[in-house]
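# Observations on the three-dimensional arrangement
So the chains spell out like this:
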Amino acid sequence: MPRYTPFYSRTSELCQSHSWLEWSGFLAANMYELHHLREYWAIRTAAGLIDISPLYKYHLHGRDALKLLNRVVTRDISKLAVGQVLYTPWCDEQGKVIDDGTLHRLGENLYRLTAADPTLRWLQDNALGLDVQVDDVTEEIAALALQGPLSRDILDSISNPLISNPLISNLQYYRLTQTTIAGVPATISRTGYTGDLGYELWLSPANAERVWDAITEAGQPYKLRAAGQLALDMARIEAGLLLVATDFVSAKKTTFAVQKSTPFELGLGWAVKLDKGNFVGREALRKEKERGPAWATVGLEVGWESLEGVYRSFRMPIHLPQSAWSVAVPVYADGQHIGKATSGAWSPLLKKYIALARLRPEYAQPGAAVNMEVTVEAHRRLAAATVVELPFFNPERKRA
């Protein structure tokens, strides 16, 4: 039976749609109103408040915490300073991605790792012989994402400047700070899953409702809205951010090689530091880098006129999905199957029909012309699309 997050008393009051999904055993709102579009626009033009408590969270502490992390993940953790955050994938011995998440350095020998899937056993298995303690703190930490161009103004109005170091307004991209909100302690990191200016808040579940109330009250002049998973999914596709179990399959959850992916194939080669020393999957990734990956992850922009033509052949106007889709569809070029689009959406902001896709590298250059399958009334047709670099949406305010 799904459990309730520490914010459920507030999210359930707002969830007029009664549309929920199960996320890591917790109930998470799909959308609060009968349609998710206003929540999406809040993220892009004002601020959206998202309950992300179901994320798995692990504390790693002890003399060998750094050694364990450098053994497990593909980034070089020795370069992570106290108060800094980084994104990283981690792989199996074959260099196939198991999961990804953010790593927060909270102290000299204290780190917090977030994950989409349960990771405690994997961390403990790799900790054999090391002086490190790994704790699952998923239910000990409530978490919120405050995302959007006005998120900084809202936090500045309620955080305690005497405690924040640095001030929220000066907090740099992928850094964290300790502060108080509504008189209770909280950690704020300048991170998120929307590709926009945004923050994530980490606090005790006992203080969850108090902090939610303080943020929603302070956010009223800024048109803050609670946002659900449907709005978040559209935003993350615009940002070119991959979702496990949608855009790739965890190597721990499949025995089929065709379903597994490496960081290079997922466009995450920048996060693989082969020169940092040994880590799980390093040798396989080194060989892959030498020969080149079998797949490339790119963006697709589907041509509007081509879509019109497809629907016109059925004497219909264009009728696109109202929310993001996540069922893989084939992509073709030169009469050949060259890959698949794994998720996509109509972007209200960009006014484009976009998709994340994994293609054979020879067809993955920006500007390349391909065809993506679309289904109309159970008939499969091809719509012209253009390969583009990711992300689709990357505002300066995200890092400024």
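Residues numbered from 1 in each chain as written. Predicted model: local features only at pLDDT ≥ 70, side-chain atom pairs only at ≥ 80, totals over all residues. Heavy atoms only, no water.

## Here we look at the environment of Glu 290
When you line up the elements, Glu 290 lands in helix α8 (residues 282-291). Using a relative accessible area of 60% as the deciding quantity, one classes Glu 290 as exposed. Through-space distance from the C-alpha of Glu 290 to that of Val 72 is 22 Å; in sequence the pair is 218 residues apart. A distance of 2.7 Å separates the side chain of Glu 290 from the side chain of Arg 286, its partner in a polar contact. (Helix = DSSP H or I, 4+ residues; strand = E, 2+ residues; numbered from the N terminus. Buried < 20%, exposed > 50% of the residue type's maximum accessible area, 1.4 Å probe, protein only. Polar contact = N/O pair within 3.5 Å; in protein donor to acceptor, adjacent residues only side chain to side chain.)

## Looking at the sheet that holds strand β10 (residues 176-181)
On the basis of which strands lie adjacent, the open sheet formed by six strands has the order β10-β11-β12-β9-β3-β13 and mixed pairing. Where the open sheet ends on each side, the last strands, each with one partner, are β10 and β13 (225-226). The sheet contact formed by strand β11 (residues 184-189) and strand β12 (residues 198-203) spans three bridges and is antiparallel. Bridged to Ser 189 within β12 is Glu 200. Sheet contacts for helix α5 (residues 151-158): β9 (142-147), β10, β11 and β12; angle to β12, the most-contacted strand, approximately 40 degrees. (Pairing = 2+ DSSP bridges. Contact = heavy atoms within 4.5 Å. Axes fitted to C-alpha atoms, helices over the stretch in contact; angles between N-to-C directions.)

## Description of the sheet that holds strand β14 (residues 296-302)
The antiparallel closed barrel is built from six strands, whose spatial order is β14-β17-β16-β15-β18-β19. Pairs of neighbouring strands in the sheet enclose a mean axial angle of 45 degrees, with direction left out of account. Two elements, strand β16 (residues 336-347) and strand β17 (residues 352-359), share eight bridges in a ladder whose sense is antiparallel. Counterpart to Gly 339 in the pairing with β17 is Leu 359. Strands β16 and β17 of the sheet are contacted by helix α7 (residues 229-238), whose axis makes an angle of about 125 degrees with β16.

## Notes on unusual backbone geometry
The linkage connecting Leu 390 with the following residue, Pro 391, adopts the cis geometry, with an omega of 0 degrees. Residue Ser 24 is not a glycine yet carries a positive backbone phi of 55 degrees. Note that Ser 24 resides in the loop between β1 (19-23) and β2 (26-31). For Ser 24, a relative accessible area of 17% corresponds to the buried category. Phi angles above zero are rare outside glycine, and Tyr 174 is one such case at about 60 degrees. Within the secondary structure layout, Tyr 174 lies in the loop between α5 and β10. Residue classification places Tyr 174 among the buried residues on the basis of a relative accessible area of 17%.

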